[in-house]
Amino acid sequence: MKKLVLKTTIQVYDDARELSKSDQSLLKLAHKSLKHSYSPYSKFKVSASVLLNNGKKVFGTNQENAAYSVCLCAERTALSNASSRYPKEPIQAIAVTARSLEQVLDRPVSPCGPCRQFICEMENRYKQPIRLILQGETGPIYVLESCKSILPLGFDSSFL
Ligand code: THU
């Protein structure tokens, strides 16, 4: 018997000012765009901003629906926005933040399982890792160099 040990490296920043200027401005856009979330049911606003190789930034927010299963996550609206507007442009980074009415989110929010799958598809499609920049409403910032590290043994087109 052999064991495979999987490792995930997370860079932890206590203050946004420690980030590169580019990451700071992407995270700022995510915070600023929270107000566009449509989340009357969960009252949990999520926003994601995406940086493309051509330097353009686009964002997306969660869009909810009375039929709950139809709700769209911020990460997937942001990435769909990016790939619809600039289908040929690889994606460099995605910043994600959230705000809750129930509690002050002082720890990073991280993408749900389906969003991880969606981000990994974009990494494979453009053959480029996507840096994840994660923060709650406040508190530390987690930076990961690829979504693959939080979706070990992921499914991809090589199995089809
Ligand atoms: N949500 C996101 O937008 N991204 C995630 O990765 C997890 C959850 C949204 C979906 C729903 O509108 C609200 O957060 C509460 O689950």
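Residues numbered from 1 in each chain as written. Predicted model: local features only at pLDDT ≥ 70, side-chain atom pairs only at ≥ 80, totals over all residues. Heavy atoms only, no water.

J.: Help me understand the side chain of E64, please; the structure alone is not making it clear to me.
T.: As for its placement among the helices and strands, E64 is situated in the loop between β3 (57–61) and α2 (74–85). Here the side chain of E64 touches Y41 through a polar contact of 3.1 Å, landing on its backbone nitrogen. Discounting residues that sit within four places of it in the chain, E64 has contacts with Y38, S39, P40, Y41, S42, F44 and C71. (Helix = DSSP H or I, 4+ residues; strand = E, 2+ residues; numbered from the N terminus. Polar contact = N/O pair within 3.5 Å; in protein donor to acceptor, adjacent residues only side chain to side chain. Contact = heavy atoms within 4.5 Å.)

J.: It is not clear to me how helix α1 (residues 21–33) should be interpreted in this structure. Could you clarify?
T.: Because an α-helix completes one turn every 3.6 residues, residues spaced three or four positions apart along the sequence face the same direction. An ideal rise of 1.5 Å per residue puts 18 Å on 13 residues; α1 measures up with 18 Å between its terminal C-alpha atoms. Along α1, the residues that are buried comprise D23, L26, L27, L29, A30 and S33. Down the axis of α1, the smallest arc covering the buried residues is 150 degrees, so these residues share one side. Summarising the geometry of α1, the exposed residues directed more than 90 degrees from the buried face are K21, K28 and K32. In this structure, the buried residues of α1 make contact with β2 (44–52), β3, β4 (91–100), β5 (131–135) and β6 (141–144). (Expected span 1.5 Å × (residues − 1). Buried < 20%, exposed > 50% of the residue type's maximum accessible area, 1.4 Å probe, protein only. Arc of directions from axis to C-beta.)

J.: Whenever I open this one, the pattern of salt bridges confuses me. Can you help?
T.: Pairing is possible between side chains of opposite charge, provided their charged atoms come close. If you walk through the whole model with that rule in mind, you get 3 salt bridges. Put simply, D23 and R131 hold a salt bridge, and the shortest N to O gap is 2.6 Å. With D23 in helix α1 and R131 in strand β5, this residue pair connects regions lying 108 residues apart in the sequence. For the residue pair D23 and R131, the accessibility class agrees, reading buried in each case. (Salt bridge = Lys/Arg side-chain N within 4 Å of Asp/Glu carboxyl O.)

J.: I would appreciate a short explanation of the nonpolar core in the present structure.
T.: Nonpolar side chains tend to gather and get buried jointly when the protein is soluble and globular. Counting 25 residues, the largest nonpolar core has V50, L79, I91, I94, V96 and L132 as its most contacted members. Going through the elements one at a time, β2, α2, β4, α3 (113–126) and β5 are the ones with two or more residues in this core. Listed in part, the 11 residues of the second largest apolar core include L27, A30, A93 and I141. (Core = buried A, V, L, I, M, F, W, Y, C linked by side-chain atoms within 4.5 Å.)

J.: Help me understand the packing of aromatic side chains, please; the structure alone is not making it clear to me.
T.: Between two aromatic rings, the relevant description is the distance of the centres plus the angle of the planes. Under the criterion given, the structure shown has 2 aromatic pairs. Their ring planes at 50 degrees and their centres at 5.7 Å tell us that Y41 and Y68 sit as a pair that is tilted. Note that Y41 is positioned in the loop between α1 and β2 and Y68 in the loop between β3 and α2, a separation of 27 residues in sequence. Y41 gets classed as partly exposed once you look at its relative accessible area, which sits at 38%. (Phe/Tyr/Trp six-rings, centres within 6.5 Å; stacked < 30°, edge-to-face > 60°.)

J.: Sorry if this is basic, but what is going on with the site of the ligand here?
T.: As a matter of local geometry, the ligand sits amid S42, F44, V46, N62, E64, C73, A74, E75, P111 and C112. Between the ligand and N62 there is a distance of 3.0 Å, counted from an oxygen atom to a side-chain nitrogen or oxygen. A distance of 2.8 Å separates a nitrogen atom of the ligand from a polar atom in the side chain of E75. Considering the ligand on its own, with 370 Å² of exposed area, one finds that the protein chains cover 76% of that surface. For the shell around the ligand, a count of residues per class yields 6 nonpolar, 2 polar and 2 charged. (Near = heavy atom within 4 Å. Areas by Shrake-Rupley, 256 points an atom, 1.4 Å probe, with all protein chains shown as cover. Nonpolar A, V, L, I, M, F, W, Y, C, P; charged D, E, K, R; others polar.)

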